[in-house]
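# Structure at a glance
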Amino acid sequence: MEIFRKTKSLQIILEAFAHSNHALSVAELVKQFKEDMNKTTVYRILERLEKTGFLHSFTGKDGLRWVARCKDEYASNHTTNHPHFQCQECGKSECLTIDISIPPVPNHKVISANLLLIGQCEDCLY
Ligand SMILES: [Zn+2]
Ligand SMILES: [Zn+2]
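Residues numbered from 1 in each chain as written. Chains lettered and ligands numbered in written order. Predicted model: local features only at pLDDT ≥ 70, side-chain atom pairs only at ≥ 80, totals over all residues. Heavy atoms only, no water.

## Details of the coordination of the zinc ion (ligand 1)
Worth spelling out the cut-off: The donor definition counts N, O and S atoms within 2.8 Å of each metal and applies 3.2 Å to Na, K and Ca; water is not among these atoms, so some sites may look incomplete. The rule is simple: four donors are tetrahedral if all their angles sit between 85 and 135 degrees, four are square planar and six octahedral if opposite donors span more than 155 degrees and the others lie between 65 and 115, and anything that fits none of that is irregular. Each residue gets one of three labels from its accessible area relative to the maximum for its type: buried under 20%, exposed over 50%, partly exposed in between, using a 1.4 Å probe on protein chains only.
Coordination of the zinc ion (ligand 1) by the protein involves Cys87 (SG), Cys90 (SG), Cys121 (SG) and Cys124 (SG), with metal-donor separations of 2.3 Å. Coordination geometry of the zinc ion (ligand 1): the four donor atoms subtend angles of 105 to 113° at the metal centre, consistent with an arrangement described as tetrahedral. All donors of the zinc ion (ligand 1) come from a single chain, and their spacing in sequence reads C-x2-C-x30-C-x2-C. For cysteine 121, a relative accessible area of 3% translates into the label buried.

## Description of helix H3 (residues 39-51)
Applied cut-off: Helical segments are the DSSP runs of H or I of at least four residues, strand segments are the runs of E of at least two, and each set is numbered from the N terminus. Expected span of a helix: the number of residues minus one, times 1.5 Å. When we speak of the arc, we mean the arc of directions from the helix axis to the C-beta atoms. Any N or O atom pair separated by 3.5 Å or less is treated as a polar contact, with the protein-specific requirement of one donor-capable and one acceptor-capable atom, and with residues adjacent in sequence counted only for side-chain atom pairs.
Across its 13 residues, H3 extends 18 Å between first and last C-alpha, which sits within 8% of the 18 Å expected from 1.5 Å per residue. Within the span of H3, buried status applies to Thr41, Val42, Ile45, Leu46 and Leu49. Down the axis, H3 shows its buried residues gathered within 130° of arc, on one side only. The N-cap residue of H3 is asparagine 38: its side-chain oxygen and the backbone nitrogen of threonine 40 are 3.2 Å apart. Among the residues trailing H3, glycine 53 stands out with phi positive, at a value near 85°.

Laid out in structure tokens, this is it:
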């Protein structure tokens, strides 16, 4: 079994999030760190960070998985739903700091919602 090289790999990944306010695609992270760690390690670290509430993930265009840092208010309240936005021109994804309340669905129990808004980001719009 591969030993989980916690300190270095974890630090590299945390660093990537420290420098970015935007969501990062998992595929991009794997590519970016292929010199430092293998794909499995990246996945494992992201999974751990997600479990601890540091990150959350969502599905973007073309089914790609994205990860973003949880803002404090979201980390403490996991029932809050916030939508994500993806720019169709540059592909950048981000968390939107607006709350969406999901209407009750008769005879169904909603556990989570994944809302992706697609359009043009601030950089591409002007
Ligand atoms: Zn854009
Ligand atoms: Zn988000």
